[in-house]
Amino acid sequence: MILYRLRCSKGHEFESWFKDSKTYERQEKKSLIGCAVCGDSKIARAIMAPRIGKKGGDAEIPAAVPAPAPSPEQQQMAALARRMPKEMREALLKVRAEVEKNCEPVGERFAEEARKIHYGESDKRGIYGETSDEEARALAEEGIEFGRLPWLPRAN
Ligand SMILES: [Zn+2]
């Protein structure tokens, strides 16, 4: 993973992760990268450090990082787990284990599956997965029963 500092044609600067420099170049060519501020797809790499000598090549990018970046949610969860009292953490991990044992994992299809079960298009069963705040709100408005819990990283 590489962290690039990017700049749009309107001068907004923002940072974005890419698998490698080739991925960045491919996405940049196809205008797949949008400015984080205004959505502009005319993106160029912002210079992060004074250039020394030669042009081009990855060697001069000081922001290259070897490890993949954890997502903001994972970071948040890990921070939450660190602040949590031990008993609470253990209780949550226990719930997680129970859920994993008794329910079917549906991952990002959670909202879709929950709806199907609610409207009788799918067998009634326990499921677990991920959903966005927006989807969770929509589900609640439709009267679909579900619970949310902080999904702590097991390593904690
Ligand atoms: Zn912009």
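The structure this text deals with has already been given above.
Here the structure is a predicted model, which is why all the values come from computation and not from measurement.

J.: I tried to follow the overall build of the chain on my own but got confused; where do I start?
T.: Secondary structure assignment for the chain yields five helices and five strands. Ordered by position from the N terminus, the helices and strands of the chain form the series β-β-α-β-α-α-β-α-β-α.

J.: When you look at the sheet that holds strand β1 (residues 2–8) in this model, what are you seeing that I'm missing?
T.: Each strand in a sheet pairs with another by means of backbone hydrogen bonds, the pair being arranged parallel or else antiparallel. What the three strands build is an open sheet, ordered β2-β1-β3; its pairing is antiparallel. The open sheet has two edge strands with one neighbour each: β2 (13–18) and β3 (43–45). Within this sheet the neighbouring strands show an average axis-to-axis angle of 45°, counted without direction. Looking at chain direction, β1 and β3 are connected through three bridges and run antiparallel. What sits directly across from R7, in β3, is A44. Strand contacts of helix α1 (residues 21–29): β1, β2 and β3, with the helix running at about 25° to β1, the strand carrying the most contacts.

J.: Explain the nonpolar core to me, please; I cannot follow it from the model alone.
T.: The biggest cluster of nonpolar side chains holds seven residues, and these are Y4, L6, C8, Y24, I33, C35 and I43. Ranked by residue count, the leading element in this core is β1, at three residues. L6 has contacts with E13, F14, S16, I33, I43, A44, R45 and A46, leaving out every residue within four places of it along the chain.

J.: What is the right way to look at the pairing of β2 in this model?
T.: On a regular strand, one side chain projects to one face of the sheet and the next to the other, so that they alternate. Alignment of β1 against β2, held across six bridges, turns out to be antiparallel. Residue pairing across strands places I2 opposite F18, the latter belonging to β2.

About the thresholds
Residues numbered from 1 in each chain as written. Predicted model: local features only at pLDDT ≥ 70, side-chain atom pairs only at ≥ 80, totals over all residues. Helix = DSSP H or I, 4+ residues; strand = E, 2+ residues; numbered from the N terminus. Pairing = 2+ DSSP bridges. Axes fitted to C-alpha atoms, helices over the stretch in contact; angles between N-to-C directions. Contact = placed C-beta atoms within 7 Å. Core = buried A, V, L, I, M, F, W, Y, C linked by C-beta atoms within 7 Å. Buried ≥ 20, exposed ≤ 12 C-beta atoms within 10 Å, placed from the backbone.

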